[in-house]
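Here is what each chain is made of, one letter per residue.
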Amino acid sequence: MPALFSVLRRLGFCFAAAALLWTAGLVWFATPLAIRDSGAPAEAIVVLTGGSLRLQSGFKLLGEGKGRKLFVSGVNQEVKLNQLLRLAGNAPDWAACCVVLGYAADDTFGNAIETAEWMRRENYHSLRLVTAWYHMRRSLLEFARAMPGVTIIPHPVYPNHVRLAHWWEWRGTAALIVREYLKYLGALFRPLIGRLRLKGPRPAAAPAQ
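Now for a quick tour of the structure. (Residues numbered from 1 in each chain as written. Predicted model: local features only at pLDDT ≥ 70, side-chain atom pairs only at ≥ 80, totals over all residues. Heavy atoms only, no water.)

**Points about the overall build of the chain**
In terms of helices and strands, the chain carries six helices and five strands. A total accessible area of about 12900 Å² is found for the chain, and carbon and sulfur atoms account for 61% of it. (Helix = DSSP H or I, 4+ residues; strand = E, 2+ residues; numbered from the N terminus. Areas by Shrake-Rupley, 256 points an atom, 1.4 Å probe, with all protein chains shown as cover.)

Below, the structure is given as structure tokens:
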């Protein structure tokens, strides 16, 4: 019995430590990034689809000369450029010449791969990344992996429906942030899980006939 109590006590301690670490990580994740931006233009502006505010911010940056071209990643196959310009609302008339739509991505990992391929084709080495603040940490993680050596300037947007102050008191916002945090953890540990799978036991070869 003493041995059993010792094991249970250790398990309880490990569980409490893991819960504390997870909660501390959540608080860190829910704190918007402190952005240090000199205002210098990048070669590209990249918008990840997911809301009109992102598009509006991307077109505003393009109009201010913060990038040569605007790349919108993860666009629905049925959406055309003129529809996207109408959705953005404040897109200038000349914007159509400088906007490229990416249709290949359906998640953040895909956004990073799609954007990396486009950046290589354009021979660009810097970009401004436009997405929601709660999505920015995972986006930066995926983009940095897909484009080592590329300068990525985060440009988060703050949707009105996502409460920043006392976010834990708002059920919808709390659920969104926890869900995004879990996705971030999944992206963070994905390479480790992949390596563990590669090192796992392999099925024995079939005997020769």
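That was the structure; now back to the text.
**Focus on unusual backbone geometry**
Positioned with a positive phi, N123 is a non-glycine residue whose angle comes to about 60°. Position of N123 relative to the elements: it lies in the loop between α4 (108–122) and β4 (126–132). A positive phi is found at H166, a non-glycine position, where the angle reads about 50°. Assignment of secondary structure puts H166 in the loop between β5 (151–157) and α6 (171–199).

**Some details on the nonpolar core**
Ranked by size, the top nonpolar core spans 33 residues in total, and within it F59, L62, L70, V72, V99 and I177 carry the most contacts. Take this core: its biggest share by element is seven residues, from α6. Excluding anything up to four places from it in sequence, L70 contacts I45, V47, G58, F59, L62, C98, V99 and V100. Membership of the second largest hydrophobic core comes to 16 residues, among which are F71, Y124, F143 and V150. (Core = buried A, V, L, I, M, F, W, Y, C linked by side-chain atoms within 4.5 Å. Buried < 20%, exposed > 50% of the residue type's maximum accessible area, 1.4 Å probe, protein only. Contact = heavy atoms within 4.5 Å.)

**Describing helix α2 (residues 52–63)**
In an α-helix, one turn spans 3.6 residues, which is why side chains three or four residues apart end up on the same side. Its twelve residues give α2 an end-to-end C-alpha distance of 16 Å, which sits within 8% of 16 Å, the value for a rise of 1.5 Å per residue. Within the sequence span of α2, burial applies to R54, L55, S57, G58, F59, L61 and L62. With its phi angle positive at about 80°, G65 sits one or two positions after the end of α2. (Expected span 1.5 Å × (residues − 1).)

**Side note on the pairing of β4**
On a regular strand, each side chain points to the face opposite its neighbour's, so the side chains alternate between the two faces of the sheet. A large share of β4 lies buried, amounting to seven of its seven residues. Note that strand β1 (residues 44–48) and β4 share four bridges and pair parallel. Bridge pairing links A44 to L127 in β4. Two elements, β4 and β5, share seven bridges in a ladder whose sense is parallel. Residue pairing across strands places S126 opposite T151, the latter belonging to β5. Taking the sense of rotation as the criterion, the β-α-β connection linking β4, helix α5 (residues 133–146) and β5 turns out right-handed. (Pairing = 2+ DSSP bridges. Right-handed = clockwise from strand over helix to strand, strands pointing away.)

**Some words on the packing of α4 against α5**
At a closest axis distance of 9 Å, the pairing of α4 and α5 adopts a crossing angle of 45°. Overall, the two elements α4 and α5 adopt an arrangement that is oblique. Viewed along their axes, α4 and α5 form a crossing whose handedness is right-handed. Residues T108, F109, N111, A112, I113, T115, A116 and R120 of α4 form the contact with α5, whose participating residues are H135, R138, S139, E142, F143 and A146. Residue composition of the contact of α4 with α5, grouped by class: six nonpolar, five polar and three charged. (Axes fitted to C-alpha atoms, helices over the stretch in contact; angles between N-to-C directions. Parallel < 35°, antiparallel > 145°, perpendicular 65-115°, else oblique. Left-handed = near helix turned anticlockwise from the far one by under 90°. Nonpolar A, V, L, I, M, F, W, Y, C, P; charged D, E, K, R; others polar.)

**Observations concerning the environment of G186**
Among the structural elements, G186 can be located in helix α6. Expressed as a C-alpha distance, the spacing of G186 and R138, which sit 48 residues apart in the sequence, is 9.6 Å.

**Re the layout of surface pockets**
In this structure, the largest pocket occupies an estimated 180 Å³ of space. Around the largest pocket, the lining comprises 14 residues; the ones closest to its centre are T49, R54, T108, H135 and R138. Residue assignment for the lining of the largest pocket shows that the elements contributing at least two residues are α4, α5 and α6. With three residues, α5 is the largest single contributor of residues to the lining of the largest pocket. Residue composition of the lining of the largest pocket, grouped by class: two nonpolar, six polar and six charged. (1 Å grid on protein atoms, 1.4 Å probe; cavity = no way out; pocket = protein on both sides within 12 Å on 5 of 7 lines; lining within 4 Å. Points joined across faces, edges and corners; volume = space filled by probe spheres on them.)

**Some points on the sheet that holds β4**
The sheet built from five strands is open, its strands ordered β3-β2-β1-β4-β5 with parallel pairing. The two strands at the open ends of the sheet, each matched to only one other strand, are β3 (99–102) and β5. Within the sheet, the average angular offset between the axes of one strand and its neighbour, ignoring direction, is 20°.

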